[in-house]
Every structure is written in C-alpha cells, then in structure tokens.
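The residues making up each chain are set out below.
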Amino acid sequence: MRPVSGSHSLSLGLLGIMTLLLHPPSLLGCRFLPRIPHGEYEVLRSVFGIDYKVQYKCKEGYALVGTATVTCWFSEESIPQCKAACLKPRILHGKLSVEKDQYITPDNVTIQCDPGYKMVGSHIISCSEYRTWTPAVPTCKREDPVRHEAVLEGQDLLRCLPNPSNSKMALELYKLSEEIERLKQERDKGKST
C-alpha cells in the first residue's frame, strides 16, 4: 500500500470537513423515511439524497394521527399514520355519546334515542377502515304515539317557556285543564244515563 501524497490527503481532509459541515449529526443512524398507506410526504430538507426532514399529509377521507413533521427516522413509533375518517352520523331524535365533526378508525360511538323514541339497530357503532359505520347507523323511531303524545306535547310546551316559574305554572294549568276535561266527561256520562 502506497502512502497518500500531500495533495491527496489535503483533498480528503477538505472532503471530510465539508461532509461534517453539510451532514448534520442527527443523520447518523438515520434511515430512509417510509411512505405511509393513504398518505404522502413533502421533503423539507435533504442531504446527499437522504430526506431527513419531511411533512406528511393524508389523502382525502383520511386523518393524520401523529406528528406531521418528522426529522429523521429511528423507530416505527415516530412515523404518523393516515386513519380512515368517518363523517358524523346523523341521528334524528337521538344523541351521540361523543360529538365531533369527524371520527377516525377505530372510534366507537354510543347512540341514545330521545324520550318517546326507540332504537332500531345497534346502539354502538364503529368507524371502519372503509370510512363507513359498522354496523349501520341506527334510527330512532317514535314509540306508541297514543301513549306518549301527552308527554311529547308537554315537552314541546316546556321548551317554549323562558324560565322555571313559567314551566311550573304551565304544568299546573295543564293539570287543571285535564281535571276540567275529566269533570266534563263525568257530567256528560251522568246526563246520558
């Protein structure tokens, strides 16, 4: 093996210094940043063809879980994921346990129907990887309308009143009107016999 001449060693030394200056220490042990399913990344910084700082984003219909900007890559935990996104289910006459505009896989939601309505379907649904709810979103159907009509009318009336004292007065007037109606029916029964 020949000894390295002075000009060659100077060139190699300068190349080493330039590499250290241009090659940040954080790249040591850094692997290539992976592509993620349903997502892509934009390179923010690159040295010698190694993308060491990128920003991930997801395709439409998917939500990013994790940090969007990643510097280098040392482990699987540092890479974000694009999870399927489900739109908020619409439930007429019902409430959701968690109110959000968008849910991601595997979010679960519990549904409760309003008083006077019964559940048709499962009361727990999950956002699936196909961006749909499974099982299907249930419906809330009105129960026996004859039995619950008075309750529903009372609820509607109470919603219109501005304060609790007016609600109490309205309930008393409702009871009084029911009593008057009952007395009229008894009177009419007595006349017909």
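Bear in mind the structure is a predicted one, so any value in this text is a computation, not a measurement.

Q: Help me understand the sheet that holds strand 10 (residues 124–127) in this model?
A: Backbone hydrogen bonds hold the strands of a sheet together, and the pairing may be parallel or antiparallel. Taken together, four strands build an open sheet; the order of strands is 6-8-10-11 and the sheet is antiparallel. Single-partner strands in this sheet number two, and they are strand 6 (94–96) and strand 11 (133–134). In this sheet, strand 8 (residues 108–113) lies alongside strand 6 in antiparallel orientation, the contact comprising three bridges. Paired with G94 across the strands is C113, a residue of strand 8.

Q: Looking at this structure, I do not really get the pairing of strand 5 (residues 81–87). What am I missing?
A: The side chains of a regular strand alternate, residue by residue, between the two faces of the sheet. In the sheet, strand 3 (residues 62–65) pairs with strand 5 via four bridges, with the strands oriented antiparallel. Following the sheet pairing, Y62 is matched in strand 5 by A84. Pairing between strand 5 and strand 7 (residues 102–104): three bridges, direction antiparallel. Paired with L87 across the two strands is Q102, which belongs to strand 7.

Q: It is not clear to me how the packing of aromatic side chains should be interpreted in this structure. Could you clarify?
A: Two aromatic rings, taken as a pair, are described by how far apart their centres are and by the angle between their planes. Per the counting criterion, the structure on display carries two aromatic pairs. Considering the side-chain rings of Y41 and Y56, the 5.4 Å spacing of their centres and the 70° angle between planes classify their relative orientation as edge-to-face. One end of the pair, Y41, is in strand 1 (residues 39–47); the other, Y56, is in strand 2 (residues 50–58), and 15 residues separate them in sequence. Each member of the pair, Y41 together with Y56, is buried.

Q: Just to check I follow, could you spell out the side chain of D114 for this structure?
A: Locating D114 in the fold gives a position in the loop between strand 8 and strand 9 (117–120). A polar contact is formed between the side chain of D114 and the side chain of K95, at a distance of 3.1 Å. Residue contacts for D114: discarding those within four places in its chain leaves H93, G94 and K95.

Q: Could you clarify how one ought to interpret the pattern of salt bridges in this entry?
A: A side chain with one charge may pair with a side chain of the opposite charge, provided their charged atoms come close. The tally for this structure, following the rule as stated, stands at seven salt bridges. Across the pair R187 and D188 runs a salt bridge whose closest N-O atoms are separated by 3.5 Å. We classify D188 as partly exposed; its relative accessible area is 42%. Linked by salt bridges that have partners in common, E179, R182 and E186 make up one network.

Calculation criteria
- Residues numbered from 1 in each chain as written.
- Predicted model: local features only at pLDDT ≥ 70, side-chain atom pairs only at ≥ 80, totals over all residues.
- Heavy atoms only, no water.
- Pairing = 2+ DSSP bridges.
- Helix = DSSP H or I, 4+ residues; strand = E, 2+ residues; numbered from the N terminus.
- Phe/Tyr/Trp six-rings, centres within 6.5 Å; stacked < 30°, edge-to-face > 60°.
- Buried < 20%, exposed > 50% of the residue type's maximum accessible area, 1.4 Å probe, protein only.
- Polar contact = N/O pair within 3.5 Å; in protein donor to acceptor, adjacent residues only side chain to side chain.
- Contact = heavy atoms within 4.5 Å.
- Salt bridge = Lys/Arg side-chain N within 4 Å of Asp/Glu carboxyl O.

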